[in-house]
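Residue-level listing of the chains:
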Amino acid sequence: MQTHFDLNALARPEISTADEILRKCVHCGFCTATCPTYILTGDERDSPRGRIWMMRDLLGGGDKQTEIKPADVSYHLDRCLTCLSCMTTCPSGVDYMHLVDIGRAEINKKIRRGFADHVIRTLLSITLPFARRFHLALRFARLAKPFSGLLTGRLKAMVNLSPTRLQALDKVGSEDQLYPAETSAGTRVMLLSGCAQRALDPEINASTIRLLNRQGVDVVVRSQASCCGALAHHINAEDAAHKQMEAVCSAWENDIASGQLDAIIVNTSGCGTTLKDYGNLMSRNSRHSETARKISDLTMDISEYLNSKMALPTLAKQNMTIAYHAACSLQHGQKVLQAPRALLVQAGFEVKTPAESHLCCGSAGVYNVLQPELSQQLKERKIRNLNKVGADIICAGNLGCIHQLSDASSPICHTIQILDWAYGGPKPHSLLNGLG
Ligand code: SF4
Ligand code: SF4
């Protein structure tokens, strides 16, 4: 793609990065075929190619004849799920993920959001990343659930997303803790305890720690590193996101400097994608850039770690089928596609892949709150495809997807819960009614 940035603009590091990315796009349009929003709306401005074009103009690199309204770009960038399916498809290696970060930061400078939009984004950024607050908010939302029919739009989506059954807040992450293996092999990992996940499903961290301990791995958790900043980053609350990223770097820097960590383990793939990008996101932070770079190098999804570093035994056939739902952040963001499937097969399950497995389920961070109509359409489409598989269980490696797809006809849980169960742990809660 041709760009026309002047030298002054190119002196800004983010513009020169954007220029480099934009010039790789050859306008072939392959990405449009796998973009969920383009598939739903058929509008070029809701496709990666259209958004790339609009971002070029917004940043000032377009033809001087064409004027673009920041509000129009904002409308279509807000509708982007950041699912990164376009990056998997693109033959030219266009780095859409970093381009859209630059585009959204520019939008922040150029437009003032409406009052309602501002309030809802603020509300999300001051609750979701804080496990205790979010757990409390979910209690209130559950009280409002019977009246959700009286609500509309984003408020209705928020109330509807609260779970019918709320578990106790996950204790993992409430204080600094070492979870030692009974027979330690001398390997130590750091676990990101998470934020929203601790409020919604404490079993995921418990299963992760049990399975790692059984493999002789000691697990460390630091309470100051709970939220990685991904949620705030997702809604453009960059100041809040950077504060959370700084807190994570501070909390982990001594452990990293000790050289004793084999890996930083993440069991929420949305967070994993962000941690793996810390080196870039914090590159201009004079205090933490080096730690951030090391965090990127050490971060591994739990499935990636188990598959590449542990030698789990191969179990006998379980006579049970699993429909594996590949979260976008895992398959497109981190390019981890085979590890979860391989582990499930090794644990004796028959693994099936639903149709359109490359498409997002519409959860995408807080997309299901901010864009409820598009999210609902994607959710229904995904559930239809999953139901057609007719599996006994659905597995996914990201809490957002698990929550979004909980209306599917098969019970759904995290891949790590199933693996923990297969290797001697308790049966996941979501499977307790029905499966033998
Ligand atoms: S597939 Fe890549 S090169 Fe082709 S239009 Fe999309 S982003 Fe541009
Ligand atoms: S990130 Fe997803 S929704 Fe956004 S342009 Fe790419 S494929 Fe489309």
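Everything numeric in this text was worked out from a predicted model, so none of it was measured.

Take the overall build of the protein next. Tallying secondary structure elements over the protein gives 24 helices and nine strands in all. Its C-alpha atoms give the protein a radius of gyration of 21 Å, near enough to 22 Å, the size a compact globule of 436 residues would have. Taking the principal axes of its C-alpha atoms as reference, the protein extends roughly 65 × 50 × 40 Å. When each of the 436 residues of the protein is scored for burial, the buried share is 48%. At a minimum sequence separation of 6, the contacts of the protein that also span at least 24 residues come to 73%.

Quick look at the site of ligand 1 now. By nearness alone, 15 residues border ligand 1, and Cys25, Cys28, Cys31, Cys90 and Ser92 come closest of all. Breaking the shell around ligand 1 down by element, the ones donating at least two residues are α4 (48-58) and α6 (85-89). Among the elements that make up the shell around ligand 1, the one with the highest residue count is α4 (three residues). Looking at the shell around ligand 1 residue by residue, the class counts come to ten nonpolar, four polar and one charged.

One open sheet accounts for four strands, arranged β7-β6-β8-β9; its pairing is parallel. Every interior strand has two partners, whereas the edge strands, β7 (350-352) and β9 (412-414), have only one. Sheet twist, expressed as the average angle between the axes of neighbouring strands with direction ignored, equals 35°. The pairing of strand β6 (residues 321-324) with strand β8 (residues 393-396) spans three bridges and is parallel. The residue bridging Ile322 from the neighbouring strand is Ile393, located in β8.

Lining the immediate environment of ligand 2, one finds 13 residues, of which Cys35, Pro48, Cys80, Cys83 and Cys86 sit closest. Elements that contribute at least two residues to the shell around ligand 2 include exactly α3 (36-41), α4 and α6. Classifying every residue of the shell around ligand 2 by side-chain character gives nine nonpolar, three polar and one charged.

Bringing the domain arrangement of the protein into the picture now. Under the domain assignment used here, the protein contains domain 1 (7-110), domain 2 (115-160), domain 3 (177-307) and domain 4 (312-431). The distance between the C-alpha centroids of domain 1 and domain 4 comes to 30 Å. The interface is formed by 13 residues belonging to domain 1 together with 13 residues belonging to domain 4. Going through the elements one at a time, α3 and α6 are the ones with two or more residues in the side of domain 1 that touches domain 4. Split by residue class, the side of domain 1 that touches domain 4 holds six nonpolar, five polar and two charged.

In spatial order, the strands read β1-β3-β2-β4-β5; together these five strands make up an open sheet with mixed pairing. At either end of the open sheet lies a strand with only one pairing partner, and these are β1 (177-179) and β5 (299-301). On average, each strand axis in the sheet is inclined to that of its neighbour by 35°, with strand direction left out of account. Summarising the sheet, strand β2 (residues 187-191) and strand β3 (residues 217-221) pair through four bridges and their orientation is parallel. Residue pairing in the sheet places Met190 in a bridge with Val220 of β3.

A separate point is the environment of Val94. By the element assignment, Val94 lies in the loop between α6 and α7 (96-110). Looking at Val94, the number of C-beta atoms within 10 Å reads 23, which means it is buried. In this structure, the C-alpha to C-alpha distance between Val94 and Ile21, residues 73 residues apart in sequence, is 5.9 Å.

Taken together, the four bridges between β2 and strand β4 (residues 261-266) define a ladder with parallel strand orientation. Residue pairing across strands places Val189 opposite Ala263, the latter belonging to β4. With three bridges joining them, β4 and β5 adopt parallel strand pairing. Paired with Ile265 across the bridge in β5 is Met300.

This next bit is on the packing of α4 against α7. The description of two packed helices rests on the angle between their axes and on the distance between the axes. At a minimum axis distance of 10 Å, the contact between α4 and α7 shows a crossing angle of 45°. Relative to α7, the element α4 lies oblique. As α4 packs across α7, the resulting crossing turns out to be left-handed. Touching Pro48, Ile52, Met55 and Leu58 of α4 are Tyr96, Leu99, Gly103 and Glu106, all from α7. Taken together, the residues that form the contact of α4 with α7 break down as six nonpolar, one polar and one charged.

Thresholds applied
Residues numbered from 1 in each chain as written. Chains lettered and ligands numbered in written order. Predicted model: local features only at pLDDT ≥ 70, side-chain atom pairs only at ≥ 80, totals over all residues. Helix = DSSP H or I, 4+ residues; strand = E, 2+ residues; numbered from the N terminus. Rg over C-alpha atoms; globule rule 2.2 N^0.38 Å. Buried ≥ 20, exposed ≤ 12 C-beta atoms within 10 Å, placed from the backbone. Contact = placed C-beta atoms within 7 Å. Near = placed C-beta within 6 Å. Nonpolar A, V, L, I, M, F, W, Y, C, P; charged D, E, K, R; others polar. Pairing = 2+ DSSP bridges. Axes fitted to C-alpha atoms, helices over the stretch in contact; angles between N-to-C directions. Domains from an automatic or database assignment. Parallel < 35°, antiparallel > 145°, perpendicular 65-115°, else oblique. Left-handed = near helix turned anticlockwise from the far one by under 90°.

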